[in-house]
Amino acid sequence: MKLNECLKQLYDELEELSITYAPHRKVQEEHEILFADEFPIPTNGLMLTHWGTDAGSTTEFVRELPSLELRRHLPAKQLQFFFADLSPDACLAFVLFYCRHQGVSAQEFPLEWLDYSIRWEMGDVKTTGKPFESWGCLHSALAYASYVTEEQMHATGEMAVRIDPEHVQRGLLSCLYLVILLLLEEVAPYEVPELDHIEEYNAAITHLRLEYQKYLQGLKNATVTQLELPVIHANRTVLVDAFITRENTNIGLLKSFLIHDEERTWLQSGFQFIAIYRPDLKGTGRDMVIQVDPTMNLHLQDLWRKLEEMEDERWGGERPCDQPLVPERSPANRPWMASNENMTALFAPRQLDDGTMGSKLEWAEVVGAIWELYNPANSIKVNPYLADGSIGAACNIYECEPIYHNGKVFIAAKWNSLGKQQVFVSSPTMQRYLAVCASGTYQNRVPPIHPLPPKHSFDFIELPCGYALIHPGGILILDDWNSEPLDFALYAGEVKKLVERVNTFQRIREECAEVMESVEELLQQNQTLSGKKLMELNRWITVKKVEIRNKILATMPSSVDYYLDQFRETVKKRWGLGTQLNELYNTVSELENIIKSHSELRVGRLINLITIFGFPMALFSGLFEIVFEDLPSPKWWGIHWVGLGLFVILSAVSVLALNRYVRKGAKQEKQWMMRQ
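Student: Can you walk me through the packing of helix 3 (residues 88–101) against helix 6 (residues 165–185) in this structure?
Tutor: Packed helices, taken two at a time, are described by the angle their axes make and the gap between the axes. Between helix 3 and helix 6, whose axes approach to 10 Å, the crossing angle comes to 65 degrees. For the pair helix 3 and helix 6, the sense of crossing is right-handed. Facing helix 3, whose interface residues are Cys91, Leu92, Phe94 and Val95, helix 6 presents Leu172, Cys175, Leu176, Val179, Ile180 and Leu183. Among the residues making up the contact of helix 3 with helix 6, the classes are represented as 10 nonpolar, no polar and no charged.

Student: Would you take a moment to explain the pairing of strand 9 (residues 273–277) for this structure?
Tutor: Residues in a regular strand project their side chains so that they alternate between the two faces of the sheet. Among the five residues of strand 9, five are classified as buried, and the element is accordingly described as predominantly covered. Here strand 9 shows no split at all, with Phe273, Ala275 and Tyr277 on one side and Ile274 and Ile276 on the other all buried. Pairing geometry for strand 8 (residues 237–246) and strand 9, over five bridges, is parallel. In the strand pairing of strand 9, phenylalanine 243 is matched with isoleucine 274. Pairing of strand 9 with strand 10 (residues 288–292) involves five bridges; the strand directions are antiparallel. Bridge pairing in strand 10 links isoleucine 276 to valine 289.

Student: Before we go on, may I ask you to explain helix 7 (residues 199–219) in this structure?
Tutor: A turn of α-helix holds 3.6 residues, and therefore any two residues three or four places apart point the same way. The terminal C-alpha atoms of helix 7 lie 31 Å apart, and with 21 residues this matches the ideal 30 Å at 1.5 Å per residue to within 8%. For helix 7, every residue scored as buried is listed here: Glu200, Tyr201, Ala204, Ile205, Leu208, Glu211, Tyr215 and Leu219. Summarising the axial view, the buried residues of helix 7 lie within an arc of 130 degrees, below the 170-degree limit, and thus occupy one face. Along helix 7, exposed side chains directed more than 90 degrees from the buried face belong to Glu199, Arg209, Leu210 and Gln213. Buried residues along helix 7 sit against helix 5 (135–146), helix 6, strand 7 (223–230), strand 8 and helix 8 (254–259).

Student: In this structure, what is going on with helix 9 (residues 301–315)? I would like to understand it.
Tutor: If you check helix 9, its first and last C-alpha atoms are 21 Å apart, about what 15 residues at 1.5 Å a residue would give, namely 21 Å. Among the residues of helix 9, Leu303, Trp304, Leu307, Glu308, Met310, Glu311 and Trp315 are the ones counted as buried. The arc that holds every buried residue of helix 9, seen down its axis, measures 160 degrees, which confines them to one face. Facing away from the buried side of helix 9 by over 90 degrees, the exposed positions are Glu309 and Glu313.

Student: It is not clear to me how the environment of phenylalanine 567 should be interpreted in this structure. Could you clarify?
Tutor: On the secondary structure map, phenylalanine 567 appears in helix 14 (residues 562–574). Judged by relative accessible area, phenylalanine 567 falls into the buried class, the value being 0%.

Student: So what exactly am I meant to see when it comes to the sheet that holds strand 12 (residues 345–347) here?
Tutor: Whenever strands of a sheet pair, they do so through backbone hydrogen bonds, lying parallel or antiparallel. Spatially, the six strands line up as an open sheet ordered 7-8-9-10-12-11, and their pairing is mixed. Each end of this open sheet is capped by a strand with a single partner; those strands are strand 7 and strand 11 (337–338). Relative to strand 12, strand 10 runs antiparallel, the two sharing three bridges. Of the residues in strand 12, the one forming a bridge with glutamine 291 is alanine 345.

Student: Looking at this structure, I do not really get the packing of aromatic side chains. What am I missing?
Tutor: Here the distance between the centres and the angle between the planes together describe a pair of aromatic rings. Inspection of the entire model under this criterion finds 22 aromatic pairs. Measuring from centroid to centroid gives 6.0 Å for phenylalanine 35 and phenylalanine 94, while their planes differ by 80 degrees, and the two rings are edge-to-face. With phenylalanine 35 in strand 2 (residues 32–35) and phenylalanine 94 in helix 3, this residue pair connects regions lying 59 residues apart in the sequence. An identical accessibility class is assigned to phenylalanine 35 and phenylalanine 94; each is buried.

Student: Can you help me understand the sheet that holds strand 3 (residues 46–48) in this one?
Tutor: Strand order in the open sheet formed by four strands is 1-4-2-3, with parallel pairing between adjacent strands. Lying at the two open borders of the sheet, with one neighbouring strand each, are strand 1 (18–21) and strand 3. Averaged over all pairs of adjacent strands, the angle between their axes in this sheet comes to 20 degrees, without regard to strand direction. Both strand 2 and strand 3 contribute to a ladder of three bridges, which runs parallel. Residue leucine 34 lies in a different strand from strand 3, and its bridge partner there is methionine 47.

Cut-off values and rules
- Residues numbered from 1 in each chain as written.
- Predicted model: local features only at pLDDT ≥ 70, side-chain atom pairs only at ≥ 80, totals over all residues.
- Heavy atoms only, no water.
- Axes fitted to C-alpha atoms, helices over the stretch in contact; angles between N-to-C directions.
- Helix = DSSP H or I, 4+ residues; strand = E, 2+ residues; numbered from the N terminus.
- Left-handed = near helix turned anticlockwise from the far one by under 90°.
- Contact = heavy atoms within 4.5 Å.
- Nonpolar A, V, L, I, M, F, W, Y, C, P; charged D, E, K, R; others polar.
- Buried < 20%, exposed > 50% of the residue type's maximum accessible area, 1.4 Å probe, protein only.
- Pairing = 2+ DSSP bridges.
- Expected span 1.5 Å × (residues − 1).
- Arc of directions from axis to C-beta.
- Phe/Tyr/Trp six-rings, centres within 6.5 Å; stacked < 30°, edge-to-face > 60°.

On their own, these measurements won't tell you what the molecule is for.
Below is the structure:
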């Protein structure tokens, strides 16, 4: 039977065959065949997998399978096929097995499809075609769309995700139909043309577009950084763009999108390092996946060893080791799995047979191990400047002692010329890493990858001598051996002046806050500010104004150098010195206005007293002397009693009338203001 004839036959009778999605199936009978995604175990059934073999894919393994293993003595409709997953390799291996079972020569199967399956299993999504032209991507989009999930709440209140096996079963058949039709079309798997007459192709394209939209959204929540990874069989490293995320929404084609995303990567060659955590897949071995682009010739062997050591430590000597899955690598029953000897992809340990989780590590610990090993700053050695301007012994950047720490950290260092001269100092990750060092938050400790400060929270400027990182918590200047050396005394002097200005503004602002609080307490208690208190406040404000102006004059730039001025202005903006000064002046001005208002109030009250009481008394005292003098009155002790009585009565009536007039005018003015 020829290949095309066999493929057409398979297409016609596919739904008549016993094909089942069963991820945890243990085949025991001769007619049972499992396309597995794990190492083979002793069984009476047929377990087809390339794990633990020299084959690069299950398809290649089936191609080299001895004829005696093909179960040709049993009709195809009596065989039971089980699939542990819906991977492209598993589906292609099934098609090849069926064709060989029907007598098609393995040599007739197209080699480009065989080569494609090997590359795909190696994790190569770069040479296997662009996402919308790659069979692996189209197939995977169709497969992942089949995993319709729903959330269910346990009695404990925890949410769990349930996969609908019937929907996955239908998706499995769709994936098989797609690969059969593409083989019949005789297309190249890495360059699939538009085939809108194929229903499964149209469905795959639709799901692929939806996956791409989810990918763009997922980028916003991921950690995008750069890491320094080791090269296989070479004592050197390469800087790569890395993508680390906790994926709550499963993006099936994430890896392919990342590898081909040149637009959003600093090196403009896609993300070569990918680390993904999918909590809903816990225990499957796919919940934590770490991989590198296999075409980059990189490896993760040191990370695998680190994770295994961490697992042993967390298990505390109780890690199951009675049936090691890969004894040549690890004595554990469920170790961290690796895709190949070069370990270009690592997978978390699967769940044990008794239901215990195979890994005791949290995702944060795994990410911490990645950062500890591949942090690009590990290869940078610097010589820190000391307070007297001399150069200290070589150390890591995070080990540099601050020249002084007076509210703000100041660190200066010279790149060690004997160390590795890397080009990644200006990379986004190194800038964020140096910003953490500048802040002084993790003194003498390796800053963790979470949380590195966002780009907008610090400034990175180039100087003739190198670079300067300006963080709200401090400054780090790195002399990278450019043609112009760092003028340490000049920059250190400017930083000192700026720190003095910051501290002075901060101190005066705190004093203003205390004074405002004391004034507020007096006013809330309906107490007026005494004349003595007003004089004290007025004198304090005058002193602070002079102190602010004097500090500004004392910390003026000592040089007209362009780069120094740029450095100084950047520091002032990042530290908010201009804003602080304006706020300080506004606060002092408000205090001054309060004092002025109270002074005017006291003067106004005094004028009112003079007007209301003084004017009538002055008026009628003159009348008393002139008018009342001739009025008849008894005079005891030489006092004109009638005149005195009239003086007192008329003065009292006048005071009351004036007081009522003033109050009425004030009330009318208040009502008018309220109407306005």
